[in-house]
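Here is what each chain is made of, one letter per residue.
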Amino acid sequence: MSVIQQRTIFTAGHPEDVSWVVDINSLKRVKDWVDEYPSLLTTDLNQMKADFPQWFVTIASRANPVACSCGEYIVPKEGQLSCISCNSPHRGHVRGIMWVGMIPVQLAGTDKVYDRVLQKAQSGKLYLPLTESGYLLVPIRIVYPGNWNREAPSCYYDDNFFSTLGISGANSTSHSHHMLSGGKMCLFDSWQVMTIRDVLRNRILPHALAQVRIADGKRPRDWFTR
Ligand SMILES: [Zn+2]
């Protein structure tokens, strides 16, 4: 069954919804595991479509997405890796496969953090979307390892997440925030096989909420159960 993914792009300031059928074959050249175990990818595609329909798969260089010269993401579609916006095929070697999308992190109900973020919004210094109901929308990147699913994926917050919460220092190696170097989340003592949807739902969402609580003055050990 084919999976359709989508993204809203802006052309000359106008939003346009673009969708495409994810072409698994064009990712087989990127990672051997896609070729050997395509069902691992189709499972992730189907689960993510059901639970996080705005997320999509793109190509990565280490921890970051590879951008087209026009600035948009490059995705697997129609037999090649090509740009969402201008359709230019990507040339050159591709090393990584990544999921990108946003998660809603509840700020409403905190003692201090929500007020601090609202002040940033009023002074034009809030760089992440905030919903009217008090959820901060945080971009997340999830990079597949070389031998999925024998190894954990690498998961990263948008650089603005910690500064928005007022705890900029946490975005590097930090034991109390469960963060590793390079802004990578520390999510697993030891990896247990799970799908990307479950990494997102069961590990990243609680990890993000814990950051909000710690920024709000709560004790880390009350919010990280490991
Ligand atoms: Zn382009």
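Residues numbered from 1 in each chain as written. Predicted model: local features only at pLDDT ≥ 70, side-chain atom pairs only at ≥ 80, totals over all residues.

### A closer look at the pairing of strand 7 (residues 96-106)
So, point 1. Most of strand 7 sits inside the fold, with 8 of its 11 residues counted as buried.
So, point 2. Sheet topology note: the strand 3 (residues 56-61)/strand 7 ladder contains 5 bridges and is antiparallel. Note on strand 7: the bridge partner recorded for Ala60 is Gly96.
So, point 3. As paired elements, strand 7 and strand 8 (residues 135-143) share 9 bridges and run antiparallel to each other. Counterpart to Ile103 in the pairing with strand 8 is Val138. (Buried ≥ 20, exposed ≤ 12 C-beta atoms within 10 Å, placed from the backbone. Helix = DSSP H or I, 4+ residues; strand = E, 2+ residues; numbered from the N terminus. Pairing = 2+ DSSP bridges.)

### Digging into the nonpolar core
In summary, soluble globular proteins display a tendency toward joint burial of nonpolar side chains.
So, point 1. Judged by nonpolar contacts, the single largest core of 49 residues is most densely connected at Met98, Val138, Ile142 and Ile204.
So, point 2. At 8 residues, the largest contribution of residues to this core is made by helix 6 (residues 196-215).
So, point 3. Two domains each donate at least three residues to this core, and these are domain 1 (4-97) and domain 2 (100-223).
So, point 4. If we skip the residues at most four places from it in the chain, Ile142 touches Met98, Trp99, Pro153, Cys155, Ile196 and Val199. (Core = buried A, V, L, I, M, F, W, Y, C linked by C-beta atoms within 7 Å. Domains from an automatic or database assignment. Contact = placed C-beta atoms within 7 Å.)

### Thoughts on unusual backbone geometry
So, point 1. Residue Trp148 is joined to Asn149 through a cis peptide bond whose omega torsion reads -5°.
So, point 2. Tracing the chain through its elements places Asn149 in the loop between strand 8 and strand 9 (154-157).
So, point 3. Despite not being glycine, Arg62 shows a phi value in the positive range, around 55°.
So, point 4. Within the fold, Arg62 resides in the loop between strand 3 and strand 4 (64-65).
So, point 5. The class for Arg62 is exposed, based on 11 C-beta atoms found within 10 Å.

### Details of the pairing of strand 8
So, point 1. Note that strand 8 and strand 9 share 4 bridges and pair antiparallel. Paired with Ile142 across the two strands is Cys155, which belongs to strand 9.

### Some remarks on the domain arrangement of the protein chain
So, point 1. Once the domains are mapped, the protein chain shows domain 1 (4-97) and domain 2 (100-223).
So, point 2. The C-alpha-based centres of domain 1 and domain 2 are spaced at 23 Å.
So, point 3. Across the boundary between the two partners, domain 1 contributes 18 residues, which contact 17 residues of domain 2.
So, point 4. Looking at the side of domain 1 that touches domain 2, the elements with two or more residues in it are helix 3 (38-51), strand 3 and strand 7.
So, point 5. Sorting elements by how many residues they give to the side of domain 1 that touches domain 2 places helix 3 first, with 6 residues.
So, point 6. Residues belonging to the side of domain 1 that touches domain 2 are distributed by class as follows: 10 nonpolar, 5 polar and 3 charged. (Nonpolar A, V, L, I, M, F, W, Y, C, P; charged D, E, K, R; others polar.)

### Some thoughts on the sheet that holds strand 7
So, point 1. An order of 4-3-7-8-9 is seen for the 5 strands of this open sheet, with the pairing classed as antiparallel. In this open sheet, the two strands that pair with only one neighbour each are strand 4 and strand 9.
So, point 2. Against the sheet, helix 6 makes contact with strand 7, strand 8 and strand 9, and its axis sits at roughly 45° relative to strand 7, the strand it touches most. (Axes fitted to C-alpha atoms, helices over the stretch in contact; angles between N-to-C directions.)

### So, the packing of helix 3 against helix 6
Describing two packed helices takes the angle between their axes plus the distance from one axis to the other.
So, point 1. Two numbers describe how helix 3 lies on helix 6: the axes approach to 8 Å, and their chain directions differ by 45°. Between helix 3 and helix 6, the angle is such that the two are oblique. Of helix 6, the residues touching helix 3 (which contributes Asp44, Gln47, Met48 and Asp51) are Ile196, Arg197 and Arg201.
So, point 2. Of the residues that constitute the contact of helix 3 with helix 6, the class distribution is 2 nonpolar, 1 polar and 4 charged. (Parallel < 35°, antiparallel > 145°, perpendicular 65-115°, else oblique.)

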